[in-house]
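# Analysis of the macromolecular model
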Amino acid sequence: MKLKKHIAVLAALSAAVTLGATAASAESTLNIVKARGNLRCQVGPPSPGFYNLDANGNWYGLDVSVCQGVAAAIFGDKSKLEIQSVSSQARFTALANGESDLLSRTATWTLTRDTQLGLDFVTPNFYDGQGFTVRKDSGITSALQLKGARVCVTTGTTTELNLADFSRKNHLNIKAVTFGDYNVRDDTFLKGGCDATTTDKSSLAGNLQAFPVPSNYIILPETISKEPLAPAVRQGDNQWEDIVRWTVFAMINAEELGITQANVDDMRANATDPNVRRMLGVEGNLNEGLGLDKDWAYNIIKEVGNYGEIYEKYMGNGPQGIGIPRKGSLNALWTHGGMMYSPPMR
Amino acid sequence: MAMIKAEKTPERSAPISESSVIGWLHKHLFSSAFNTLLTFVMLYIIYLTVSGVFSWGVLDATFVADNRRECYDNSLTGACWAGVIHWTNNIFYGRYPREEIWRINFGGLLLVLWMAPLWMSRVKGKVLVATTTVVFYPFLASYLFSGGDKGFFMQIMVAGAMTAFALNMANLLAGLFRSQGLNSFLIKALGQENASDKTQRNILLLLAGIVFGVAFFWQMGQTLQPIVWTKWGGLFLTLVISGVGIASALPGGIILALGRRSKLVIVRVLSIGFIEVFRSVPLITVLFMATTMFPLFMPEGFVLNKLVQVIIAVVLFNACYMAETVRAGLQAIPKGQYEGAHTIGLGYWRTMRLVIMPQALKYMIPNIVGSFIGLLKDTTLVSIIGLFDILGMLRSISKDTPWLGLHKEPLIFGAILFFIMCASMSKYSRHLEVKLSAGRTH
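Residues numbered from 1 in each chain as written. Chains lettered and ligands numbered in written order. Predicted model: local features only at pLDDT ≥ 70, side-chain atom pairs only at ≥ 80, totals over all residues. Heavy atoms only, no water.

## Observations regarding the pattern of salt bridges
Should the charged atoms of two oppositely charged side chains come close, the side chains can pair. Residues and elements named next belong to chain B. In this structure the tally under the stated criterion is 16 salt bridges over all chains. Here Lys 8 makes a salt bridge to Glu 11, at a shortest N to O gap of 3.5 Å. Comparing Lys 8 with Glu 11, the two get one shared label, exposed. Residues participating in the shared-partner salt-bridge network are Arg 260, Glu 276, Glu 324 and Arg 327. (Salt bridge = Lys/Arg side-chain N within 4 Å of Asp/Glu carboxyl O. Buried < 20%, exposed > 50% of the residue type's maximum accessible area, 1.4 Å probe, protein only.)

## Remarks on the packing of aromatic side chains
The full count for this structure, using the stated rule, is 30 aromatic pairs over all chains. Ring plane angle 15° and centroid distance 6.2 Å describe the contact between A:Phe126 and A:Tyr311, whose orientation is recorded as stacked. Separated by 185 residues along the polypeptide, A:Phe126 in strand S7 (residues 126-128) and A:Tyr311 in helix H14 (residues 307-314) bring together distant segments of the chain. Look at A:Phe126 and you get buried, because its relative accessible area is 2%. Summarising the aromatic geometry, the rings of B:Phe216 and B:Phe217 are spaced 6.2 Å apart at their centres and angled 90° between planes, so their arrangement reads as edge-to-face. Exposure remark for B:Phe216: the relative accessible area of 13% places this residue in the buried category. Through successive ring pairs, a cluster of aromatic residues spans A:Phe50, A:Phe126, A:Tyr307 and A:Tyr311. In this structure, A:Arg268 packs its charged tip against the face of A:Tyr298, placed 3.7 Å from the ring centre. Lying across the ring of A:Tyr311, A:Arg326 places its NZ or CZ 5.3 Å from the centre. (Phe/Tyr/Trp six-rings, centres within 6.5 Å; stacked < 30°, edge-to-face > 60°. Helix = DSSP H or I, 4+ residues; strand = E, 2+ residues; numbered from the N terminus. Lys NZ or Arg CZ within 6 Å of the ring centre and 35° of its normal.)

## Quick notes on the interface of chain A and chain B
Facing the 44 residues of chain A at the interface are 34 residues of chain B. Summing both partners gives a buried area of about 3,200 Å² for chain A against chain B, and 59% of it is carried by carbon and sulfur. One salt bridge connects B:Lys408 with A:Asp187, and the closest N-O pair in it is separated by 3.3 Å. Across the contact surface, chain A and chain B share 20 residue pairs in polar contact (both at pLDDT 80 or more). For the side of chain A that touches chain B, the secondary structure elements donating two or more residues are helix H1 (2-23), strand S2 (52-53), strand S3 (59-60), strand S4 (81-85), helix H7 (182-190) and helix H8 (201-210) of chain A. It is H1(A) that contributes the most residues to the side of chain A that touches chain B, 7 residues altogether. Its residues placed into classes, the side of chain A that touches chain B shows 21 nonpolar, 18 polar and 5 charged. (Contact = heavy atoms within 4.5 Å. Buried area = accessible area lost by both parts, 1.4 Å probe. Polar contact = N/O pair within 3.5 Å; in protein donor to acceptor, adjacent residues only side chain to side chain. Nonpolar A, V, L, I, M, F, W, Y, C, P; charged D, E, K, R; others polar.)

As structure tokens, this is what we get:
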């Protein structure tokens, strides 16, 4: 624990030092990336649904798709990408000192981070929130019934603090049982070492699928925290920030307009909807402000897909998906009552 | 009563209690009621453990499945080794492109062949073999593993390595079948036994030069596909880091230890400072310093990749530990040895090389190997700073969607692998001790 503290202090210190050092570098990130010939996109240690390694050593996941989308927008080729997996202690430093061009790794957008770490969050690509899983036979159906319960939680994250806040606010006197590793936390929960386990709902859903008998457990309806997860870039390069932001928006917008990986060629050739034609670069000059080619958005959809497709693949019920239902959640399109909303592309 | 007989008393066999199985059992396990009780209790505990592990790990285990759900469908209580099996390539080679894996295997095979003569008593010229391993192999291996365009220096080194390897293998064969060194074999084959030393040397150099020329021209046409270091991983990466660490920690340690015992004040103070600074910080801090702080002190645009930074950190850290081990060995040498060496007119370096070090190294072997084992295990810390060494890979299995939550089996597999590696190192060190008879005096 002490070690972790040392590391955090060290990381914060070096982040502060680099901030001063890199503010002076004037070269635009887009030019650096183009000259280098690949995008360096930072993710974290594997995290189900967002970024994981498959058995062949390839990265996949929702956040990896954002990296691929940006690479496709710049180069027209999603494979011109170097995924860097950086520990959470070093994540902001690695972005600040220019090692990474982009951070796409389930970082929660908070005021402190946005204002004090020298980075800018672009726009959430996933809305998460903390919840609870309990055994079905416990009879608990609401988090407010967890009075005096022992709750398994991973230590050193905001999860633990949120749990304490929730317990205090509702006078529940919850006893937190803390773990360093989420696998051990879940094992303990499965063996009856605690009454509930808590973490972000996306992981709860994923982990639930991995339980021996998933139907014996339920995820409680309450969400006790707001976790808007957003890609982030270094502060001070607005063009680059726009590129990443509008890559995410292009994916969301494509879903709204019904453009998919499969029909994007057809749409570009035959669509009459001016919104589609503008977005795919058939007419207008949306690309000029971004400093990209005319078919930047086309490339994103062609190479990676629209938001709905990506969600289904990695978060939903695709072969590599972790089975989190999208319908009715914050991650549905705004037209379906969710929060996924792209400003107009015109 | 005559106690002394003229003829020898016939030999009797050892009493039954000493020689038979039952006797042994009685003596060691059932010598009293309490010991008997203890024996049975222990037997029961061993039975519980072994049968539990066996049924979890073998009887109820699933070896073939496409995802964890299939493992559960097969058995809820058994291990799911299928995940580890699916991930074999990741565990051993990391993200290295699958069609290029032969390069890693080939590199490993080369090293084994290269070093093999060192263990064969009939082969001559071991010092030269060991030197070429240290000088040439790292270049050949680093090119083999990373590929890409060769600079001129790299071309020379690669060709040199191929020459050295070819000569080494020829020497091995000459040693095995003729029990002589390659040099004397060639001279004899060319009928030049009676030529002067200088002529013989020139002939040998010419032959080596021809081999080098052929190797140089051949390698010019060969280019391997470049593979960026971020694709390195798994056991391969662990062995690269600890291999470089092991190979450079000992020489570094010897230099630092000599520096610490030096009579030159500046050398001594610098060595002490260096050793104490690195020894008093945890390795993980050194790693973090190397990967996050170090780039900040460098001029802009000076980029060392993270792997090199990590390796430098590991080498420096372990050289300091090694220095203390070496110093301990040096202190075990009685003063008389130094005085004796001075008496026969040896200078500082020759005293060290011919008299002190050969004796001191014997005493150090257990500690040196202990450090090496520690180093091998410490290397897994690099997974914390985001390199996918073997531990990083094993831990990633539980995050891969088909194997979500599968974390015990990979770690147990890793434990077995590390046990095999460390136990064989430790066994080899005991063998060395006996061979160099360092153990005899203790």
